[in-house]
Amino acid sequence: MFVQHYDTTTLDASVLLMPLVRFLPADDERIRRTVLAVADELTVDGLVLRYRIDQTDDGLPGEEATFTICSFWLVSALVEIGETARARELCERLLSYASPLGLYAEELDPRTGRHLGNFPQAFTHLALINAVMHVIRAEDPKATLHFVSPRQHQP
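Computed from a predicted structure; not experimentally measured.

Caption draft 1: Structural detail: the overall build of the protein. Of regular secondary structure, the protein possesses five helices and five strands. Secondary structure elements of the protein, listed N to C terminal, follow the sequence α-α-β-β-β-α-α-β-β-α. Within the protein, buried positions represent 43% of all 155 residues. A separation of at least 24 residues holds for 53% of the contacts in the protein among residues at least 6 apart in sequence. Total accessible area computed for the protein in this model is approximately 9400 Å², and 54% of it derives from carbon and sulfur atoms.

Caption draft 2: Highlighting helix α3 (residues 68–80). For α3, built from 13 residues, the straight-helix expectation of 18 Å at 1.5 Å per residue is met to within 8% by its first-to-last C-alpha distance of 19 Å. In the stretch just after α3, Gly82 is the one whose phi turns positive, near 90°.

Caption draft 3: Representation of the packing of aromatic side chains within the structure. Under the criterion given, the structure shown has two aromatic pairs. For the ring pair Phe2 and Phe23, a centre distance of 6.0 Å and an interplane angle of 85° mean the geometry is edge-to-face. In this pair, Phe2 is assigned in the segment before α1 (17–20) and Phe23 in the loop between α1 and α2 (29–41), connecting sequence segments 21 residues apart. Given the relative accessible area of 19%, Phe2 is considered buried. Between Phe72 and Tyr104, the ring centres sit 5.4 Å apart and the planes meet at 90°, which makes this aromatic pair edge-to-face. Residue Phe72 is found in helix α3, and its partner Tyr104 is found in the loop between α4 (84–96) and β4 (107–108); the two are separated by 32 residues along the sequence.

Caption draft 4: Structural view of the pattern of salt bridges. A complete count under the given rule lists eight salt bridges for this structure. Put simply, Asp40 and Arg86 hold a salt bridge, and the shortest N to O gap is 2.6 Å. Residue Asp40 is found in helix α2, and its partner Arg86 is found in helix α4; the two are separated by 46 residues along the sequence. You can call Asp40 exposed: its relative accessible area is 52%. Given a relative accessible area of 32%, Arg86 falls into the partly exposed group.

Caption draft 5: Structural context of the environment of Val132. Its location among the elements puts Val132 in helix α5 (residues 122–139). The spacing of Val132 and Arg88 is 44 residues in sequence and 8.5 Å in space, taken between C-alpha atoms. Beyond its immediate sequence surroundings of up to four residues, Val132 is in contact with Cys91 and Leu95.

Rules used throughout
- Residues numbered from 1 in each chain as written.
- Predicted model: local features only at pLDDT ≥ 70, side-chain atom pairs only at ≥ 80, totals over all residues.
- Heavy atoms only, no water.
- Helix = DSSP H or I, 4+ residues; strand = E, 2+ residues; numbered from the N terminus.
- Buried < 20%, exposed > 50% of the residue type's maximum accessible area, 1.4 Å probe, protein only.
- Contact = heavy atoms within 4.5 Å.
- Areas by Shrake-Rupley, 256 points an atom, 1.4 Å probe, with all protein chains shown as cover.
- Expected span 1.5 Å × (residues − 1).
- Phe/Tyr/Trp six-rings, centres within 6.5 Å; stacked < 30°, edge-to-face > 60°.
- Salt bridge = Lys/Arg side-chain N within 4 Å of Asp/Glu carboxyl O.

These figures capture arrangement, not role.
Structure follows, in structure tokens:
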């Protein structure tokens, strides 16, 4: 299992990027154990913390909410390791937290769904798109996006 750094056993949600950037194949057991450990140990009501503040001194006072980008990373990572049903369930839950404009903040209070921190958070929306595409492709391998060049639409 991968952790925050060499001299610790502390989890950090950034390790969810490992299967997404193909650091190792998604079927590598270390990747699978890492993704499941984050899903099981670094979440509050199913949404992902960046890290546990009682294990990592970030120098900031108070509690942290869950990080929306990390929760969308978990959706994608779960799909990568074959946990499609779990990924879809989390994705649907995250989609239900969208603001009335369909936007997301940097953090979410997992108990109330209240948006916290920077709003809207552009990086979160990139992770959202990636997560939804992971779920769509996992459920329908024939599903592809067809991007059309603007030149193809000219008369």
